[in-house]
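Single-letter residue listing:
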Amino acid sequence: MTGGRRAAERRGRRAEWAAAVLLTLKGYAVLAMRYKASGGEIDIVARRGRRLAFVEVKARQTRTAALEAVDARTRRRVEAAARAYIAARPGFAEYNQAYDIILAAGARLVHIRNAWREGD
């Protein structure tokens, strides 16, 4: 791994940690971080009441760049992992499932609830 790639990986992990703290402060219980399943990965799985959020965290120089990084391929990867997460935990099947994004630009985090619907 190159130095630039290592730095980006560290920045991403810090952003995920900060996002988990933000979600906790907003009343969510963080159920999983960096959940990996066949065909995908979810940065954070969090629950608040009957809402189960599958959260993609993107750290970039600007919010616009971070948002643009959540492309169709990324969404499909998160959706595949979410299906696997629910299949392994059928008790969550009746929860309101949502796909959220947390954008990390500099020291600022922006939580976008219901950022997309499965298959968008």
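Whatever comes next refers back to the structure up there.
Now for a description of the structure that goes with this document. Owing to the predicted nature of the structure, the values given are computational and were not obtained by experimental measurement.

1. Notes on the packing of aromatic side chains
Then, number 1: With the rule as written, the count across this model stands at 6 aromatic pairs.
Then, number 2: Residues Tyr35 and Tyr85 carry aromatic rings whose centres are separated by 5.0 Å and whose planes lie at 85° to one another, so their mutual orientation is edge-to-face. Here the residue Tyr35 occupies a position in strand β1 (residues 29-37), and Tyr85 occupies one in helix α3 (residues 72-88), the gap between them amounting to 50 residues.
Then, number 3: You can call Tyr35 buried: its relative accessible area is 16%.
Then, number 4: Tyr85 gets classed as buried once you look at its relative accessible area, which sits at 3%.
Then, number 5: Taken together through their ring pairs, the aromatic side chains of Tyr35, Phe54, Tyr85, Phe92, Tyr95, Tyr99 and Trp116 make up a single cluster.
Then, number 6: Positioned above the aromatic ring of Tyr95 is the side chain of Arg50, whose terminal nitrogen or guanidinium carbon lies 4.2 Å from the ring centre.

2. Examining α3
Then, number 1: Compared with an ideal rise of 1.5 Å per residue, which puts 17 residues at 24 Å, α3 spans 24 Å between its outermost C-alpha atoms and is within 8% of the ideal.
Then, number 2: Along α3, the residues that are buried comprise Thr74, Arg75, Val78, Glu79, Ala80, Ala81, Ala82, Tyr85 and Ile86.
Then, number 3: Looking at the buried positions of α3, the neighbouring elements they touch are β1, β2 (40-48), β3 (51-60), β4 (96-105) and β5 (108-116).

3. A word on a nonpolar patch on the surface
Then, number 1: A surface patch of nonpolar side chains, about 370 Å² in accessible area, is lined by Trp17, Val21 and Leu25.
Then, number 2: Mapped onto the elements of the fold, Trp17 is located in helix α1 (residues 3-25).

4. A look at the nonpolar core
Then, number 1: Residues Tyr35, Ile42, Val45, Leu52, Phe54 and Tyr85 are the most contacted members of the largest nonpolar core, which totals 20 residues.
Then, number 2: Mapped onto this core, the elements with two or more residues apiece are β1, β2, β3, α3 and β4.
Then, number 3: Sorting elements by how many residues they give to this core places α3 first, with 5 residues.
Then, number 4: Setting aside residues up to four positions removed in sequence, Tyr35 forms contacts with Gly40, Glu41, Ile42, Val45, Ala81, Ala84, Tyr85 and Arg89.
Then, number 5: Of all hydrophobic cores here, the second largest spans 13 residues; its members include Ala19, Ala20, Ala53 and Ile102.

5. Points about α1
Side chains three or four residues apart in an α-helix point the same way, a direct result of the helix having 3.6 residues per turn.
Then, number 1: The terminal C-alpha atoms of α1, which comprises 23 residues, lie 33 Å apart, in line with the 33 Å expected from a rise of 1.5 Å per residue.
Then, number 2: Lining the buried residues of α1 we find β1, β2, β3, β4 and β5.

6. Re the environment of Ala82
Then, number 1: Mapped onto the elements, Ala82 comes out in helix α3.
Then, number 2: Distance in space between the C-alpha atoms of Ala82 and Asp120 is 15 Å, their sequence separation being 38 residues.
Then, number 3: Not counting residues up to four positions away in its chain, the partners in contact with Ala82 are Ile42, Phe54 and Tyr99.

7. Regarding the environment of Ala19
Then, number 1: When you line up the elements, Ala19 lands in helix α1.
Then, number 2: The exposure class assigned to Ala19 is buried, which follows from its relative accessible area of 0%.
Then, number 3: For the pair formed by Ala19 and Ala7, sequence separation is 12 residues and the distance between their alpha carbons is 18 Å.

Definitions and limits used
Per-chain numbering applies: the sequence of each chain, read as written, is numbered from 1 onward. Reporting in this predicted model follows two pLDDT cut-offs: at least 70 for local features of residues, and 80 or more for side-chain atom pairs to be given and counted; totals over whole chains, interfaces and linings ignore these cut-offs and use all residues. Computation of side-chain values: all heavy atoms of the structure, hydrogens and water removed. Pairing of aromatic rings covers Phe, Tyr and the six-membered ring of Trp, with a centre-to-centre limit of 6.5 Å; geometry is then stacked below 30 degrees between planes, edge-to-face above 60, and tilted otherwise. Under the scheme used here, helices are H or I runs from DSSP no shorter than 4 residues and strands are E runs no shorter than 2 residues, and both carry numbers assigned from the N terminus. Each residue's exposure class comes from its accessible area (1.4 Å probe, protein chains only) as a fraction of the maximum for that residue type: buried when under 20%, exposed when over 50%, partly exposed otherwise. Charge over a ring is defined by NZ of Lys or CZ of Arg lying within 6 Å of the ring centre and within 35 degrees of the ring normal. For a helix, the expected span equals 1.5 Å multiplied by the number of residues minus one. By definition in these notes, contact holds between two residues if any of their heavy atoms fall within 4.5 Å. Surface patches are defined over residues having more than 30% relative accessible area and no salt bridge, joining like charges when they lie within 9 Å and nonpolar side chains (Val, Leu, Ile, Met, Phe, Trp, Tyr) when within 5 Å. Per-residue accessibility takes into account occlusion by the displayed protein chains alone, with areas from the Shrake-Rupley method and a 1.4 Å probe. Here, a salt bridge means any side-chain nitrogen of Lys or Arg that lies within 4 Å of a carboxyl oxygen of Asp or Glu. Only buried Ala, Val, Leu, Ile, Met, Phe, Trp, Tyr and Cys residues count toward a nonpolar core, and they belong to the same one when joined by side-chain atoms within 4.5 Å.

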